[in-house]
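# Overview (structure and organization)
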Protein chains: 4
Amino acid sequence: LDFSSDNVTGVAPEIMEAIARANTGSASSYGADAWTARLQTQFSTLFEHAVVVAPVINGTAANALALSTCTPPWGAVVCYAGAHINGAESNAPEFFSGGKMVPLPGERGKITPESLDALLGSAVPILGRPVHTAISISQATDVGAVYSPAEVAALSHVAKNCNLTVHMDGARLANAIAHLRCAPGDITWRAGVDVLSFGSTKNGALAAEAVVFFNTALAKDFEHRRKRSGHTLPKMRFVSAQLEAYVKDGVWLRNAAHANAAASRLGRELADIPGVVIKGSVDANIVFAEMPSRMIEGLHAAGFGFFAMHGWARLVTSFNTNDEVVALFIETAKHFGQAQ
Amino acid sequence: LDFSSDNVTGVAPEIMEAIARANTGSASSYGADAWTARLQTQFSTLFEHAVVVAPVINGTAANALALSTCTPPWGAVVCYAGAHINGAESNAPEFFSGGKMVPLPGERGKITPESLDALLGSAVPILGRPVHTAISISQATDVGAVYSPAEVAALSHVAKNCNLTVHMDGARLANAIAHLRCAPGDITWRAGVDVLSFGSTKNGALAAEAVVFFNTALAKDFEHRRKRSGHTLPKMRFVSAQLEAYVKDGVWLRNAAHANAAASRLGRELADIPGVVIKGSVDANIVFAEMPSRMIEGLHAAGFGFFAMHGWARLVTSFNTNDEVVALFIETAKHFGQAQ
Amino acid sequence: LDFSSDNVTGVAPEIMEAIARANTGSASSYGADAWTARLQTQFSTLFEHAVVVAPVINGTAANALALSTCTPPWGAVVCYAGAHINGAESNAPEFFSGGKMVPLPGERGKITPESLDALLGSAVPILGRPVHTAISISQATDVGAVYSPAEVAALSHVAKNCNLTVHMDGARLANAIAHLRCAPGDITWRAGVDVLSFGSTKNGALAAEAVVFFNTALAKDFEHRRKRSGHTLPKMRFVSAQLEAYVKDGVWLRNAAHANAAASRLGRELADIPGVVIKGSVDANIVFAEMPSRMIEGLHAAGFGFFAMHGWARLVTSFNTNDEVVALFIETAKHFGQAQ
Amino acid sequence: LDFSSDNVTGVAPEIMEAIARANTGSASSYGADAWTARLQTQFSTLFEHAVVVAPVINGTAANALALSTCTPPWGAVVCYAGAHINGAESNAPEFFSGGKMVPLPGERGKITPESLDALLGSAVPILGRPVHTAISISQATDVGAVYSPAEVAALSHVAKNCNLTVHMDGARLANAIAHLRCAPGDITWRAGVDVLSFGSTKNGALAAEAVVFFNTALAKDFEHRRKRSGHTLPKMRFVSAQLEAYVKDGVWLRNAAHANAAASRLGRELADIPGVVIKGSVDANIVFAEMPSRMIEGLHAAGFGFFAMHGWARLVTSFNTNDEVVALFIETAKHFGQAQ
């Protein structure tokens, strides 16, 4: 009954099994194991590009470490004002890189080439002014919108004209790709992405994300950076095993498609209820709905978990969202809609 | 056949089962779950003291975060010169706290009240000079020596006379307690320890350590510090579940006793081989042995994994070290001893 | 002929004499001298409030150090988007404090209680989100606007309702006070300011600013912070002597009034030239003028130094701006205006 | 009467005049002025090597900034245990670079190639262990000993074999060179020094030091580093003017020779007093003398300022130490020696 986030879920069975299976014999610590080695090949194949894959345990670590490889302490990272890196990570990106986050406005978590171009174009190269060194975009965004490959490419184009590195926060990359039905390479390096925070925790893993370097030169000092921040696990194989199982046999896209479908249905059926307005299109696994306060209270009272403020409800579905629970949610919402 | 470290092992069955068992339903993220809540009570009971327990995923994170709560950016942490925090964590303690590590000499990883007293007594309170704010001691030490409660208390006494906080790096605390056969409280807060890095990964967990605050005032900003460093897990329940299972029913001490016994036997039987000298007493699960180089090479060639340099071998046993493997190691060592 | 900034000027004679006069005998180093001691009394009298005054050598140091006393590494400082601390100090505030700068929009460098209230009111107290711990306002602003005491008080009121500390960047405080003709206390602590960056370099000093603590509890660790950042001068007396002479006998306000009058005249007379539009009122010593590009080019060619972009010119006057040079500037501008 | 330090003195007349002389007209701020430009040529000539010279205001800033150019956040700087950077700068080097200071023992502030070689030779290239990236040596040392060019070259040789950068803390470089009577290049780049903290404050400047890059590639990001730490002065010309006057016409070496001679005389004549033992040779401007406590107390009571502890007195002479004051000190010391 919990639609409050996709990180309140448990672990997908394929991944839990992979963890159990990895518990065999001894393995070199700190990432010098066979599981982590295999990831390099597996992800290079997946993305159709030679990559360096560095497992970490959550999205904040992935983002902060990734950004530290592409911005110096006097640098500036351009991102959506409400991006996770700017508003939900307790200054971790600043801590790891020393750089400043420079917020841009946007619609539904997406920044535009126009506003990026305007920012970079008006930058004055005077000592002390922000030295823009990277952009960071979230795919899907925190409110569930998805960039098309063309949109990412357009942003990358502007960024690279000014020698900025392109980072993608892919905490919900699977949801975006399941929506786009494109190749993983299409929405990443082919669209100009240099380094990716590849998420899996929100979509079925226990605790596993990866920094994926398409521009492998950026990975040069990564081992030192990860160790220094306490993110190099002694028994790293158990993180790598999660990532391996996540990507294998399409588990990641299947899980994401399930979550997306549930969100889509929620959005569609809620929209039919008088008094409910769905904000934006439901691309990924998040629905923003304007609801009468009586409906919000009623749903909360009925035991449904979700975040709501000022008449807006955020509903997040996940890889294991139950169809019947969705139906029950709709039914309950209708009930409180009628009651009004 | 791997004696290279206790972090090359897999996961103890009780802990793997606990992880699987925790995979049920949804749970609030970032530590606001029932598993983490239960830890507070469980550890307070275990230590016979009201504590705050904050789970993290490895020892570097535990140490660096713990130290950041007891030393300001202009502070100095006194520790053994070869302590893990000073020589094996890529400057993580400096990164998290801003403080400086001030090394003291010592025997087998242990510092003495005399050298601590001499250091603090000769400190000149001039602006710019190191402001000693904490000591950090390792229990057991990196070479497997164990402080007695009286030894810890004597160090704490000197430290607290100068208003220093006492941190214990307990990456191998279980091995120390299994050796001492004392109550957990005896070797920690009763001996003056304010904050503890409580290890479990080396002794059977997948990835779980905890910062345990006996001086709970130090925990005040911990949530912010942990989040900012990327160490707050979305699905924290799976870390807490490991710690819960680790401590429950004495698993931790049974595992440690097994590892200690294997090391003790290794030390005892190696000592009988001509040409082998055991360095120090074997208190915990680490044996340092001076060996003929032919013996080292022979053992390596036979497939045994262990670290060796300049004629010294470091052998680390673990919770699942096999008796027959120990016997085989001894036999092989004897073989190459005779060959000499 | 240089209107490019007030920091391209030399040193006021009273201050240069004070430096020379301080060159007598030996004096304790690092601020333990008589000059620095006298500052405490002098500034407490000046502000009609017991203060702690800590000299530093420039505004970036003053701001970054001041902010580090009122925001923890996970904190956030709210400021105008284009504030000097946010856009002209190479991330120094982030470096010294660890905190994040949170930009607000505004007119002419001033933020409003309404936008501050909206920001703080919409803040969600979820771990990871920005923890707003301070506001920083510039008096006068970088474009020469001046907050009234009532405006500062209104911002402080909103800030303190949410337990935020109030910092004032007073790099041009003298210009603001000369404009307001109020007591120094009126625009600082009486209006809710806790800590002030007190500038003098732009208004006649060689290299001298001070962090002035009205809330003296914030000064607790200042000595350590200043030393750690390399801002504790061995021969501090020469900085303190500048500040003493700057404030003595009204030098600071006389200098600022002179600069303000020159800017006022520039603004008034430029406004009469066809094709020139003055942006905003000219409160302090900065004039923003929209000018025909031919006029800008002509003035530059005639040897006048000033910053111009996209048809806007920024003209900054100073304590020693020459009346005849102002007249010549106007005359030259008129000439190129007519030429058009 | 003050022998407590060479930073309690005032400013040499040539330098004070240069400051006054620089107070003419306007000059571009932040180092884009003619004085700073001239320094580049002047120092390149002085050192017989193309250098980049970056003025700062004190030795802590020079050292911390210099070290930040040659060690990454996971690096380690090897230095004498009691070096100023390790024990008298409130963790500034760690703050600016992120790196760790690794202390070596030594005699009179000097480290040896043997101990450096032993340290580097025993370093294990395991992730997490200190990555030694630089050495830092003090010339003259904090206790007044001077490295010969051959000694510096020998240390550089060991350092460079392991790809370490060589930093020299030259807060008292003039005293060292006045003692050695060698060319400035001989004791710096010809002996392998890559980057130098060039001091002048202790030897007559008001507040002026410089980071001098012999390896100019290290200077790449210096402007950003200096700005970010608040060490880029608006009116930089007044710092550069000090350095220019300091080096011009041999002022620096004349001042240093005077200070050295005074120290030498102090040492020589004190050594003749029964009960007084001079520690080490008096190379530079510092004398360490073991004295009867009655003598120390008597000298203090007579108004002489100097640091003393445990029967040891540290006497520091300077560019303006008065011959008669030296004579009076000796006389007074003799008086209290006889009294005993």
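Refer to the structure presented above.
Residues numbered from 1 in each chain as written. Chains lettered and ligands numbered in written order. Predicted model: local features only at pLDDT ≥ 70, side-chain atom pairs only at ≥ 80, totals over all residues. Heavy atoms only, no water.

Here we come to the interface of chain B and chain A. Across the boundary between the two partners, chain B contributes 44 residues, which contact 44 residues of chain A. When the buried surface of chain B facing chain A is broken down by residue, Phe95, Arg228 and Lys235 of chain B rank first, second and third, together holding 21% of it. If you look at where chain B meets chain A, you find zero salt bridges. Counting the contacts that link chain B with chain A gives 29 residue pairs in polar contact (both at pLDDT 80 or more). Secondary structure elements with two or more residues in the side of chain B that touches chain A: helix H1 (13-22), helix H3 (59-68), helix H5 (92-97), helix H9 (222-228) and helix H10 (237-247) of chain B. Classifying every residue of the side of chain B that touches chain A gives 19 nonpolar, 19 polar and six charged. (Contact = heavy atoms within 4.5 Å. Buried area = accessible area lost by both parts, 1.4 Å probe. Salt bridge = Lys/Arg side-chain N within 4 Å of Asp/Glu carboxyl O. Polar contact = N/O pair within 3.5 Å; in protein donor to acceptor, adjacent residues only side chain to side chain. Helix = DSSP H or I, 4+ residues; strand = E, 2+ residues; numbered from the N terminus. Nonpolar A, V, L, I, M, F, W, Y, C, P; charged D, E, K, R; others polar.)

Attention shifts here to helix H7 (residues 149-161) of chain C. The end-to-end C-alpha distance of H7 of chain C is 18 Å, a good match for the 18 Å that 13 residues give at a rise of 1.5 Å each. One or two steps after H7 of chain C, the chain reaches Asn163 of chain C, where phi turns positive at roughly 65 degrees. (Expected span 1.5 Å × (residues − 1).)

We now examine the packing of aromatic side chains. Scanning the model with the defined rule gives 58 aromatic pairs over all chains in all. Residues Phe95 of chain A and Phe96 of chain A carry aromatic rings whose centres are separated by 5.6 Å and whose planes lie at 85 degrees to one another, so their mutual orientation is edge-to-face. This pair shows no difference in class: Phe95 of chain A is buried, exactly as Phe96 of chain A is. Through pairs of rings, three or more aromatic residues link up here, namely Phe43, Phe47, Phe198, Phe214, Tyr246 and Trp252 of chain A. The residue whose ring lies beneath Arg228 of chain A is Phe95 of chain B, and the NZ or CZ to ring-centre distance is 3.7 Å. (Phe/Tyr/Trp six-rings, centres within 6.5 Å; stacked < 30°, edge-to-face > 60°. Buried < 20%, exposed > 50% of the residue type's maximum accessible area, 1.4 Å probe, protein only. Lys NZ or Arg CZ within 6 Å of the ring centre and 35° of its normal.)

Next up on the list: the relation of the copies chain B and chain A. You can overlay chain B on chain A at an RMSD of 0.0 Å; the transform is a turn of 180 degrees with a shift of 0.0 Å along its axis. The symmetry that links the two subunits is that of a two-fold axis. The rotation axis passes nearest to the C-alpha of Ser229 of chain B in chain B, at a distance of 3.5 Å. Same-surface contact between copies: 100% of interface residues of chain B are shared with the interface of chain A. (Least-squares fit on C-alpha atoms with pLDDT ≥ 70 in both.)

Counted under the stated rule, the structure contains 44 salt bridges over all chains. We note a salt bridge from Arg38 of chain D to Glu244 of chain D, for which the minimum N-O separation is 2.7 Å. Here Arg38 of chain D, found in helix H2 (residues 34-47), pairs with Glu244 of chain D, found in helix H10 (residues 237-247); they are 206 residues apart in sequence, far enough to count as distant. Residue Glu244 of chain D is classed as buried on the basis of its relative accessible area, which comes to 18%. One continuous salt-bridge network, built from bridges that share partners, spans Glu48, Asp186 and Arg190 of chain A.

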